[in-house]
Structures are given as C-alpha cells and as structure tokens.
Amino acid sequence: MHKLNLIPKEVLINQSKKKRRLCCVIIMGIIVILLIYFILFIGNMKTSFKREIENVSQDIADLKWKMKSQDNYELILQDFKKRNNIYKNITKNKINYSQILKQIMDLKPENITIFSLEVNAPNYLVIEGHAPDNRHVARIIEKIGIIEDIADVSLGFICYLDAKNEIVSGYHFEIIAKLTKD
C-alpha cells in the first residue's frame, strides 16, 4: 500500500525548513558553548601556566639566595680560619702567663707555700716561697722544669729559718725560671 500524503507540499517544506533551522540553531548553540568552553579552558590554562612560571621563578630566586648564603657561610668560615691563623701567628711567640702560673700552682706540693710570683724584664719568672724541707724545694724545681714555656729552672737562694726567729721553721727559697718566649 501506498502512503497517502494529504498535507500540502508547501507545509511539508515549511516544516522541513523549521526542523533544519532548529537543528542549525541547536548545532550553532552547541558550537558557541564549545567555543566559550575552549576560550575559558585556554584562559585557565594560561593563568595556570603563569602561576607555574611564577612559582618556578620564585623557586629559582630562593635557590640563588640559598646558594649565595652558602657562599657567605664559606666566606665566613674562610674569614674565621684566616683570623684564627693570624691569632695563632701572633700568639706563637708570646707567653700565656696565666697558663704558666696555673700550671705552677697545680704542680706545687701541698707543703709548699708560695709568697710571690714575679716576672722580671729579661724574661725570668721569680718564685719565692716557704717549704718544710729542701726535698720539697727540689721536687718543685723538677716539676717547674717540665712546663712547656720554661727553658731553664735554677735555685736563686735557699735559707733555713729557725723557729726561734720565725713563726714556723723551714726553708725560705727563691726559684728562678727562664721563659722561652717573649
């Protein structure tokens, strides 16, 4: 059987045009929406890339600053080493008197009393004191002789003090130690 079409041809053409227009409008709308989406997507990507470039630039700047600060640490360390070498060179030929005096006080026997420690101009250390017997004086002379900055130790004088003339009997002595450095 044949299908009979009772609708006039002009109406069918109009309906067909309307369908095409509707399809074209829908397709154009989809294309416009896709274009807007792609423009926004490209804009977001551009912004994202700008942020990433800024972050990388900031990281590079931070790394450069850290490298400079590490160079500064190396410079500070080198400066410290130079200063330390200068200090060692200056003090190499100088005597640390407080260290020598401390060593003498640590080495002296308990029975010996030291009255005075004096450094004379020609690099001599004069030690004056009191000991109960001359063996203690001999021991302190031996002990002073092993101190690093002392070249020679000798006995200046020793005299026996009797209890009749003095409060305590014993030996009054003077030890002279020649210092090695100026």
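Structural data are supplied above this passage.
Residues numbered from 1 in each chain as written. Predicted model: local features only at pLDDT ≥ 70, side-chain atom pairs only at ≥ 80, totals over all residues. Heavy atoms only, no water.

A few points about the nonpolar core
The biggest cluster of nonpolar side chains holds 17 residues, and the ones touching the most others in it are Ile104, Leu125, Ile127, Ile144, Ile150 and Ile175. Counting only elements with at least two residues in this core, the list comes to helix H2 (97–107), strand E2 (124–131), helix H3 (134–145), strand E3 (150–161) and strand E4 (170–179). Among the elements that make up this core, the one with the highest residue count is E4 (four residues). Those residues in contact with Ile104 that lie beyond four places of it in its chain are Ile114, Leu125, Ile127, Ile144 and Ile147. (Core = buried A, V, L, I, M, F, W, Y, C linked by side-chain atoms within 4.5 Å. Buried < 20%, exposed > 50% of the residue type's maximum accessible area, 1.4 Å probe, protein only. Helix = DSSP H or I, 4+ residues; strand = E, 2+ residues; numbered from the N terminus. Contact = heavy atoms within 4.5 Å.)

With respect to the state of the cysteines
Such a bond, covalent and formed between the sulfur atoms of two cysteines, is termed a disulfide. Applying the stated criterion across every chain yields a total of zero disulfides. The thiol of Cys24 is unpaired, and the distance to the nearest cysteine sulfur, on Cys23, comes to 7.1 Å. Since its relative accessible area comes to 47%, Cys24 is described here as partly exposed. (Disulfide = S-S within 2.5 Å.)

Describing the sheet that holds E4
Judged by pairing direction, the sheet is antiparallel, and its four strands sit side by side in the order E1-E2-E4-E3 without closing on themselves. The outermost strands of the open sheet, each flanked by one partner alone, are strand E1 (113–120) and E3. Ignoring which end each strand starts from, the neighbouring axes of this sheet average 15° apart. Of the strand pairs in this sheet, E1 and E2 are connected by seven bridges, and their pairing is antiparallel. Within the sheet, the bridge partner assigned to Thr113 lies in E2 and is His130. (Pairing = 2+ DSSP bridges. Axes fitted to C-alpha atoms, helices over the stretch in contact; angles between N-to-C directions.)

With respect to the pattern of salt bridges
Side-chain pairs of opposite charge can arise where the charged atoms are in close proximity. Considering all chains together, one arrives at three salt bridges under this definition. With a shortest N-O distance of 2.9 Å, Asp79 and Arg83 are connected by a salt bridge. Taken together, the residues span about one helical turn, with Asp79 and Arg83 both in helix H1 (residues 9–92) at a distance of four residues. For Asp79, a relative accessible area of 37% translates into the label partly exposed. Residue Lys102 pairs with Asp106 through a salt bridge whose shortest N-O separation is 3.0 Å. Of this pair, Lys102 and Asp106 are both found in helix H2, four residues apart, which corresponds to roughly one turn of the helix. When its relative accessible area of 47% is taken as the criterion, Lys102 is described as partly exposed. (Salt bridge = Lys/Arg side-chain N within 4 Å of Asp/Glu carboxyl O.)

Let's talk about a positive patch on the surface
Residues Lys17, Lys18, Arg20 and Arg21 make up a contiguous surface patch of positive charge. As for its position among the elements, Lys17 is in helix H1. What makes Lys17 partly exposed here is its relative accessible area of 40%. (Patch = residues over 30% accessible without salt bridge, like charges linked within 9 Å, V, L, I, M, F, W, Y side chains within 5 Å. Areas by Shrake-Rupley, 256 points an atom, 1.4 Å probe, with all protein chains shown as cover. Lys, Arg positive; Asp, Glu negative; His and termini not counted. Charge placed at Lys NZ, Arg CZ, Asp CG, Glu CD.)

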